[in-house]
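Single-letter residue listing:
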Amino acid sequence: MIFYIKNMVCMSCQVVVAYELEKLGLNQHKVEHGKVEILEPISDEQIQTFKLALMRSGLELIDNKKNILVENIVNAITEMINYRHDELKINFSHHLSEKLGHDYTYLANVFSEAKDTTIEQFIIHHKIQRVKQLICDKGLSLTEISWRMHYSSVAHLSTQFKKVTGVTPSNYKQTC
């Protein structure tokens, strides 16, 4: 049985999900970003207990197909921004269409309807959050960060950063 889980976008979330399943005595499972596959029988009572445990951790089971698709979009974007360090060979729209098996226009419409923002704006805000982390945590130069985050130049990164945060990356670095 496959369950889709909202807000499950990091390794610590996967650890929490695996832990909660093991507490229920469910040891045969595969946990990935945004979903878990349980390979053994699960009772309705176990599902309800699992659902409550997820809610206490800020996670949520998803049962609507469109919401599952939206969460898959979020997970694909998160994966691209946070976990890929190689050069992006294709643009996000093509990557999302290819990965999720839907036309980008359809994905964009479903996402906008559910999230009240566009995929493009979501990507920009998510990239800027990652840039903030890299500025504070990694000690990388802005040139290295702009390359890693697939910006065309440091100027482009700086302009977008200031537009979203209200401060320049250099000024932000002083607050870390």
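Now for a description of the structure that goes with this document. Owing to the predicted nature of the structure, the values given are computational and were not obtained by experimental measurement. (Residues numbered from 1 in each chain as written. Predicted model: local features only at pLDDT ≥ 70, side-chain atom pairs only at ≥ 80, totals over all residues. Heavy atoms only, no water.)

To continue, consider the pairing of strand E1 (residues 2–6). Residues Phe3 and Ile5 point to one face of E1 and are all buried, whereas Ile2, Tyr4 and Lys6, pointing to the other face, are not buried. Taken together, the 3 bridges between E1 and strand E3 (residues 35–38) define a ladder with antiparallel strand orientation. Across the sheet, residue Tyr4 finds its bridge partner in E3, namely Lys35. With 3 bridges joining them, E1 and strand E4 (residues 60–62) adopt antiparallel strand pairing. Bridge pairing in E4 places Ile5 opposite Leu61. (Buried < 20%, exposed > 50% of the residue type's maximum accessible area, 1.4 Å probe, protein only. Helix = DSSP H or I, 4+ residues; strand = E, 2+ residues; numbered from the N terminus. Pairing = 2+ DSSP bridges.)

What follows covers the state of the cysteines. If you walk through the whole model with that rule in mind, you get 1 disulfide. Paired through a disulfide, Cys136 and Cys176 show a sulfur-sulfur distance of 1.8 Å. An S-S torsion of about -55° defines the bridge between Cys136 and Cys176 as left-handed. Taken as a pair, Cys136 in helix H6 (residues 119–137) and Cys176 in the segment after helix H9 (169–175) lie far apart in primary sequence, 40 residues in all. Residue Cys176 is classed as partly exposed on the basis of its relative accessible area, which comes to 48%. Note on Cys10: no disulfide assigned, nearest cysteine sulfur contributed by Cys13 at a separation of 3.2 Å. (Disulfide = S-S within 2.5 Å.)

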